[in-house]
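# Notes for the structure review
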Amino acid sequence: MEPSLRLAPSPNAKAASVQDTSNSLGLHDTLQYGPRSIATEVKTVSPIRQRLENWEQTQDNLKLTVQRNVYGLHAPVRLLMERKIVSSMAQMPTLPQSNLHLDILMGRDETLCTGDFFGGVEMRTPQSIHQEMERKYRV
Amino acid sequence: MASASVYAPAGFDFSNQVRNQFLQEKGLPLPKATSTGTTIVGCLFKDGIILGADTRATEGPIVADKNCEKIHFITESIRCCGAGTAADTEFTTALISSNMALHELSTGRKPRVVTAMTMLKQMLFRYQGHVGAALVLGGVDSTGAHLFTIHPHGSTDKLPYVTMGSGSLAAMAVFESAWKPNMTREEALALVSDAIFAGIFNDLGSGSNVDACVITASHTEMLRNYVKPNERVEKEQKYKFRRGTTAWKKESIRDLVVSEEVRPLGGAQAEAMDTS
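Presented here is a report on the structure given in the accompanying data block. What you are looking at is a predicted structure, and each value in this text was computed from that prediction instead of being measured.

Further remarks concern the overall build of chain A. A count of helices and strands for chain A gives 6 helices and 0 strands. Secondary structure elements in chain A, listed N-terminal to C-terminal, are α-α-α-α-α-α. Split into buried and exposed, the 139 residues of chain A put 25% on the buried side. Taking the intrachain contacts of chain A between residues at least 6 apart in sequence as the baseline, contacts between residues at least 24 apart amount to 56%. Accessible surface, chain A as shown: approximately 9,800 Å² in total, 59% of it carbon and sulfur.

Here the focus is the overall build of chain B. From N to C terminus, chain B includes 5 helices and 12 strands. Compactness check: chain B gives a C-alpha radius of gyration of 26 Å against a globular reference of 19 Å for 276 residues, more than 25% above the reference. Overall, the C-alpha framework of chain B stretches about 75 × 75 × 60 Å when taken along its three principal axes. Relative to its 276 residues, chain B shows a buried fraction of 40%.

Grouped together as the largest cluster of nonpolar side chains are 23 residues, with contacts concentrated most on Ile 74, Met 100, Leu 135, Leu 137 and Ile 150 of chain B. Within the residue set of this core, elements represented by two or more residues are α3 (47-71) of chain A together with β6 (78-84), α2 (86-107), α3 (113-126), β7 (133-141) and β8 (144-150) of chain B. At 7 residues, the largest contribution of residues to this core is made by α3 of chain B. Contacts of Ile 74 of chain B, omitting those with residues within four sequence positions, involve Arg 79, Cys 80, Thr 93, Ser 97, Met 100, Ala 116 and Leu 137 of chain B.

Residue and element names in this part refer to chain B. One non-glycine residue with positive phi stands out, namely Thr 38, at about 95 degrees. Within the secondary structure layout, Thr 38 lies in the loop between α1 (17-25) and β1 (40-44). On the basis of relative accessible area, Thr 38 is assigned to the buried category, the value being 0%. Positive phi outside glycine occurs at Gln 128, with the angle close to 55 degrees.

Quick look at the state of the cysteines now. Residues and elements named next belong to chain B. Evaluation of the coordinates by the stated rule reveals 0 disulfides over all chains. Cysteine Cys 43 remains unbridged, with the sulfur of Cys 81 as its closest cysteine sulfur at 11 Å. Exposure remark for Cys 43: the relative accessible area of 0% places this residue in the buried category. Cys 80 takes part in no disulfide bond, and the closest cysteine sulfur to it belongs to Cys 81, at a distance of 6.7 Å. Classification of Cys 80 by relative accessible area gives buried; the value is 0%.

Reading the values: rules and limits
- Residues numbered from 1 in each chain as written.
- Chains lettered and ligands numbered in written order.
- Predicted model: local features only at pLDDT ≥ 70, side-chain atom pairs only at ≥ 80, totals over all residues.
- Heavy atoms only, no water.
- Helix = DSSP H or I, 4+ residues; strand = E, 2+ residues; numbered from the N terminus.
- Buried < 20%, exposed > 50% of the residue type's maximum accessible area, 1.4 Å probe, protein only.
- Contact = heavy atoms within 4.5 Å.
- Areas by Shrake-Rupley, 256 points an atom, 1.4 Å probe, with all protein chains shown as cover.
- Rg over C-alpha atoms; globule rule 2.2 N^0.38 Å.
- Core = buried A, V, L, I, M, F, W, Y, C linked by side-chain atoms within 4.5 Å.
- Disulfide = S-S within 2.5 Å.

Purely spatial values, then, with no claim about function.
Structure representation (structure tokens):
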């Protein structure tokens, strides 16, 4: 992300993509979501979704930008390097994901947020390893 | 290979959004959330804070719960009353309560009301009002007694007496006419009860009983169902039929347990369960 001093994610996001409703072949899944319509794709961009998903990233970007301005480029570069080292080991997608070292570096080892208990592997319908891997690498 | 994000996931799953929008356009009504209609109040008195709430939870025009608890626990000497969507208030206060406990362990100090207020307002602002929780937060900490309101969009007020919910206007009228600084505990409890009565009897979204919570520097007292002005009257007559009112012709008794055999499982010598 480019350096920015924004406090909250900007409300005008990029255009909606077909990725939301795509099946395994990459096209719109008519069986599951109904016929494809441009109106649906444009209207269902929820501003709250874009805000929630980018919130932590925007706050983090602000801190890194301030550190770059105050201490120089090396400060955020070192922090990002540490994060990258720590998240280098991939985890088995079917098991609950947990990376304590990354949590400590990101400053969320002593707080709880909704992402800690919603939306995890336990909440989803049990899928085979192939589907989990597909879901992971589509990211 | 795509690298996973270092950021925590948002927690809420938006994958049904396209489907929901499509169904809504076809005419399917959205499910209604249980709301707490509600009258919640808080007031400052000589020794600390008194919080009050009614106990009715509504689902549109139907009373979903006649005796629900609206005064939630944040820490030992901080409590929070919640108005708005019932699930949102309960979930938000439980989350902030957990975070406050972790924060207390981390700092080693008695938790402060402003900490809870800041956590709540930052979370509610992030959700832009979609989390429908209007809260009255009050407590006593090392800096004194504090009382705050937090609106669903994240704005806060610090005041000596506050009311929130659909019955807030009725309750505020009572407060405005009778509140004075440095009241005693009895005076303050009577005032809070009167304010909640005003909400219960004049607002359709509030009803049933009055809950109160007295928070002082030394201890917190939760007065659940402090006053019950809406008790159902006992029926004057008995409406049961006496035995033998209807004639019966045949009796047949069937034993559900035909034969019973206990077979201990778990190896050659079945060990007795250790119940010590």
